[in-house]
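# Architecture and fold: a report
Each chain, written out:
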Amino acid sequence: MRAMRFERFGGPEVLAEAEVPDPVAGPGETLVEVVAAGVNFGDIKQIAGEHTDGPYAPKGPLPRIPGLEVVGLTPDGRRVLGCLPQGGYAEKAVVADRDLVEVPEGVRAGEALALLVQGLTAWHLLRSAARMAPGESVVVHAAAGGTGSLAVQLAREFGAGRIIATASSEDKRAFALELGADVAIDGAAEGYRERVLDANHGRPVDIVLDAVGGPVLDSALDALGYLGRLVTYGASSRQAASAIAPGRLALESRTVAGFWLIPLIARDGAGGPALEELLDLTARRRLRPLVGAEYDLARARDAHEDLLARRTKGKLVLRPRS
């Protein structure tokens, strides 16, 4: 079969097309004929040699085939979405049965791929980590991004009382409003608390979902009300947040929680009710996953370069077959 693999660690340039033997499914696994593979920053970390720890890290010697998520067909003709530790950049892949879920009619491959990592992350941020209740106010940082855009829509679906989106440009803020945010503001750290309180009619907020970190996280904590929850799931600012004194939390009974999807998938599998709900919402057009550019498998380098250069919007998709 045709695949993209790497024989040494490095940047996009180490990816090379190769003919390799078909993988063989073992017990509890399914061979999937890949229709589309998703492109993630996790793939970039794999080929750079940075994705070496954690319960879902790739294993085995080089060369390796990267790729964490695929949509494809099973031998019995089912169209499925699957998560795997590596091997998705190929015409065929083996996926553990517990990491597979059927894709409903009406859901495009790119939409399904956008739901696997970003969608499940957004779902668990609201349901599992923040434990959002209907009527609560929710601030979503980086609301025009893959996870943020889904979190805005899911917060609306789950009954949030007020959704405040933050984004870095007017275009991105306008897009967040299209997705269902009640108001969209600049997410910069300076003046953050004042903008958030003003957007929430002068009141502190119940929940903040933060993928920025650094000074923004510090400011967001000050915007939380009594029993407020801040969930951190990324640090795109590449800046460290200040240490948080316990008394700062106790005064207003606030909570700071962290979330990372991969250990949850490693423990419970990617398939299950959460992913099924996301796919159903998409099939009924109540959820709008962002889908970006599509590339032939042989152009995986281009996809990685575009992602690194921030030239993309929405889920990037590789197509192994023309």
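To keep things clear, this report deals only with the structure shown in the data block. Since we're looking at a predicted model, the values are computed, not measured.

So, about the overall build of the chain. Across its full length, the chain carries 10 helices and 15 strands. Taking 322 residues into account, the globule formula puts the C-alpha radius of gyration at 20 Å, and the chain, at 20 Å, falls close to it. Principal-axis analysis of the C-alpha atoms gives the chain an extent of 60 × 40 × 35 Å. Buried residues in the chain amount to 52% of all 322 residues. The long-range share in the chain, meaning contacts at least 24 apart out of those at least 6 apart in sequence, stands at 69%. Carbon together with sulfur atoms contributes 51% to the accessible area of the chain, which is approximately 14000 Å² in total.

Quick look at the sheet that holds strand β8 (residues 137-140) now. With parallel pairing, the 6 strands of this open sheet are ordered in space as β10-β9-β8-β11-β12-β13. The open sheet has two free edges, formed respectively by β10 (183-186) and β13 (255-258), since each of these has just one partner strand. Looking at each pair of strands side by side, their axes are set apart by 20° on average, direction ignored. Pairing between strand β11 (residues 205-210) and strand β12 (residues 224-232): 5 bridges, direction parallel. By the bridge assignment for β12, I207 is matched with R229. Here helix α6 (residues 215-222) sits on the sheet and contacts β11, β12 and β13; the angle it forms with β12, its principal contact strand, is near 155°.

An α-helix turns once every 3.6 residues. As a result, residues three or four positions apart point the same way. In a regular helix each residue adds 1.5 Å, so 12 residues correspond to 16 Å; helix α3 (residues 146-157) covers 17 Å between its end C-alpha atoms and thus fits that length. The buried fraction of α3 amounts to 9 of the 12 residues, a majority that puts the element mostly inside the structure. Among the residues of α3, T147, G148, S149, L150, A151, V152, Q153, L154 and A155 are the ones counted as buried. Against α2 (109-129), β8, β9 (162-167), α4 (170-179), β11 and α9 (273-283) lie the buried residues of α3.

Rules used in this analysis
- Residues numbered from 1 in each chain as written.
- Predicted model: local features only at pLDDT ≥ 70, side-chain atom pairs only at ≥ 80, totals over all residues.
- Heavy atoms only, no water.
- Helix = DSSP H or I, 4+ residues; strand = E, 2+ residues; numbered from the N terminus.
- Rg over C-alpha atoms; globule rule 2.2 N^0.38 Å.
- Buried < 20%, exposed > 50% of the residue type's maximum accessible area, 1.4 Å probe, protein only.
- Contact = heavy atoms within 4.5 Å.
- Areas by Shrake-Rupley, 256 points an atom, 1.4 Å probe, with all protein chains shown as cover.
- Pairing = 2+ DSSP bridges.
- Axes fitted to C-alpha atoms, helices over the stretch in contact; angles between N-to-C directions.
- Expected span 1.5 Å × (residues − 1).

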